[in-house]
Amino acid sequence: MPSLSRPNRPRPSADDGAESAEARGLRWLLVIGAVLIALVCAIEWAQGVINAWDRWLQPAMSVLQLAYAAALARWPQHTPRLRLAAVVTFNSYLVATVLLLLFAFPPPLNQYQFLSTVYWLPLGYGTAFVFLRPRVALAVSAVIFALLFVPLGLVLASRGAAHWGPDFGSLAAVLAVAQVAYIVLLAAIATIRAGYHRAEERARLMQTLATTDPLTELPNRRAMGERLHAALAAARRHAEPVTVALIDVDHFKRINDGHGHAAGDRVLVQLGRLLAADLRASDQLGRWGGEEFLLVCGHTRSSAGIELAERLRNSVAAFAFGHGARVTVSIGVAQVESGDDADAVLARADAALYRAKDAGRNRVELANARASTGQPLEASALP
Ligand SMILES: Nc1nc2c(ncn2[C@@H]2O[C@H](COP(=O)(O)OP(=O)(O)OP(=O)(O)O)[C@@H](O)[C@H]2O)c(=O)[nH]1
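Note that the coordinates shown come from a computational prediction; the quantities given were computed from them, not determined experimentally. (Residues numbered from 1 in each chain as written. Predicted model: local features only at pLDDT ≥ 70, side-chain atom pairs only at ≥ 80, totals over all residues. Heavy atoms only, no water.)

Attention shifts here to the sheet that holds strand 2 (residues 283-289). Read from one edge to the other, the open sheet built from five strands follows the order 2-3-1-4-5, with strand pairing classed as mixed. The sheet terminates laterally at strand 2 and strand 5 (364-366), the two strands that pair on one side only. On average, adjacent strands in this sheet sit at an angle of 20° to one another, irrespective of strand direction. One ladder, built from seven bridges, connects strand 1 (residues 242-249) with strand 4 (residues 329-335); its direction is antiparallel. Across the sheet, the residue bridging to Ile247 is Ile331, located in strand 4. Packing against the sheet, helix 8 (residues 221-238) makes contact with strand 1, strand 2 and strand 3 (292-298), and its axis sits at approximately 140° to strand 2. (Pairing = 2+ DSSP bridges. Helix = DSSP H or I, 4+ residues; strand = E, 2+ residues; numbered from the N terminus. Axes fitted to C-alpha atoms, helices over the stretch in contact; angles between N-to-C directions. Contact = heavy atoms within 4.5 Å.)

Here is the structure:
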């Protein structure tokens, strides 16, 4: 007895590709960051301006960025935590360096070392907004800002603006305003980007709803109409055979009347899965309406279409449906002929289906060839 354990053939999702492309991009950013830190270290070392702790910290930071990139590739399931850790590590380094320069040495301040560290801070906020969700990035940026500018402000307020040398007070004020500007700008960009992603998500959902039958989760009539048109166009272009089949449940009204509408619904769901489980990837199955399914088979002649339809008919007749009664289907099969449009081939499949019904149901019937040309598509000379 056939089973439904084999689920509907999974459809590749565009999301999977987009997500892994983003993850790959962020890993590469960490690698590039590691190279840039190593480069800064080498330049400062060569120029003799590197400070005592950066001789160790900069190479360590470079190695850590590479380690995070490797960990993201190895344990993608921990991506959020690893990204947060990478951002916090880099920003902790920047904040600690600025605070050390300000508070570990007596004034006057080493202007080069102070400025050459401070101008990397926007990169710190930037990494937060690139690697983290906007709210988390905003929180991380606010913490970085507070860690730097609260102690700085307190010292300036208590010891005076000249404590770290002339003009430092105004330099600190301008720096603080600039940091706020960076954070606001990045937050605005992240918000716009999140809105764009949400709109994309909604559009994808609308597209799915517009083309999917909510009961069976198969393509609906509109989607199948489009797929049939596409199959006809491809068949004409490449002069390949295409066969369609209309599959209709026999006496479905009796199932509804005898077992209830909900049981009828379950039969349609089970039937959709049962049919889908028996198809090739190139076959397209959808709900055409009510208790009727449409199957479009590319690269398929009517002989193979009939064989497939017989197989489907047999597996339906042998299947144990949930409501406990036997279900059968009648199937009308038609191969696309030269000059056929979608309506023409569907009309011939429909006529074959009604012949199957008239002949007693639980049958497969092949459509008659069209009276005028009657040429199967692959045999015709098409431009
Ligand atoms: N449960 C359920 N029933 C549906 C659905 N769509 C259509 N139907 C019912 O399907 C039945 C189709 O009945 P008919 O068109 O008389 O066909 P039939 O009883 O299958 O008889 P034949 O096709 O001649 O074998 C109707 O009772 C519809 O109400 C649905 O989504 N769920």
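A full pass over the atoms with the stated rule returns 12 salt bridges. Here Asp248 ties to Lys357 by a salt bridge, and the two come within 2.6 Å at their closest N and O atoms. Here the residue Asp248 occupies a position in strand 1, and Lys357 occupies one in helix 12 (residues 342-358), the gap between them amounting to 109 residues. You can call Lys357 buried: its relative accessible area is 11%. Note that Arg363 and Glu365 form a salt bridge whose closest N and O atoms lie 3.0 Å from each other. For Arg363, a relative accessible area of 34% translates into the label partly exposed. (Salt bridge = Lys/Arg side-chain N within 4 Å of Asp/Glu carboxyl O. Buried < 20%, exposed > 50% of the residue type's maximum accessible area, 1.4 Å probe, protein only.)

Here the focus is the side chain of Asp213. Along the chain, the position of Asp213 falls in the loop between helix 7 (168-211) and helix 8. Of the residues examined, Asp213 reaches a relative accessible area of 10% and is grouped as buried.

Mapped onto the present numbering, the UniProt feature "transmembrane region" (unreviewed entry) falls at residues 28-50, 56-75, 82-105, 111-131, 138-158 and 170-196. Split by type, residues 138-158 is 100% helix and 0% strand. Its first and last C-alpha atoms lie 29 Å apart. (UniProt positions renumbered as here; feature names shortened; annotations may be inferred.)

Neighbouring the ligand are 16 residues, the closest being His251, Phe252, Asp265, Arg287 and Arg361. Here a nitrogen atom of the ligand and a side-chain polar atom of Asp265 are 2.6 Å apart. Compared with its free state, where it exposes 670 Å², the ligand has 68% of that area covered by protein. Looking at the shell around the ligand, the elements that each hand over two or more residues are strand 1, helix 9 (252-259) and helix 10 (261-277). With four residues, the top contributor of residues to the shell around the ligand is helix 10. Residues of the shell around the ligand, tallied by class, amount to three nonpolar, five polar and eight charged. (Near = heavy atom within 4 Å. Polar contact = N/O pair within 3.5 Å; in protein donor to acceptor, adjacent residues only side chain to side chain. Areas by Shrake-Rupley, 256 points an atom, 1.4 Å probe, with all protein chains shown as cover. Nonpolar A, V, L, I, M, F, W, Y, C, P; charged D, E, K, R; others polar.)

On to the packing of helix 3 (residues 79-103) against helix 5 (residues 121-131), then. Where helix 3 contacts helix 5, the two axes come as close as 10 Å, and the packing angle between them is 170°. Looking at the two axes, helix 3 sits roughly antiparallel to helix 5. In this structure, helix 3 uses Arg83, Val87, Phe90, Asn91 and Leu94 to contact helix 5, whose residues at the interface are Leu121, Leu123, Gly124, Tyr125, Thr127, Ala128 and Phe131. Looking at the contact of helix 3 with helix 5, its residues break down into eight nonpolar, three polar and one charged. (Parallel < 35°, antiparallel > 145°, perpendicular 65-115°, else oblique.)

Okay, the nonpolar core next. In terms of nonpolar packing, the biggest core is built from 42 residues, with Leu102, Phe114, Leu152, Trp164 and Phe168 touching the most fellow members. Element by element, the count of residues in this core is highest for helix 3, at nine residues. Those residues in contact with Phe168 that lie beyond four places of it in its chain are Leu102, Leu109, Phe114, Leu152, Leu156 and Ala161. With 28 residues, the next largest nonpolar core counts Ile247, Leu271, Leu295 and Val327 among its residues. (Core = buried A, V, L, I, M, F, W, Y, C linked by side-chain atoms within 4.5 Å.)

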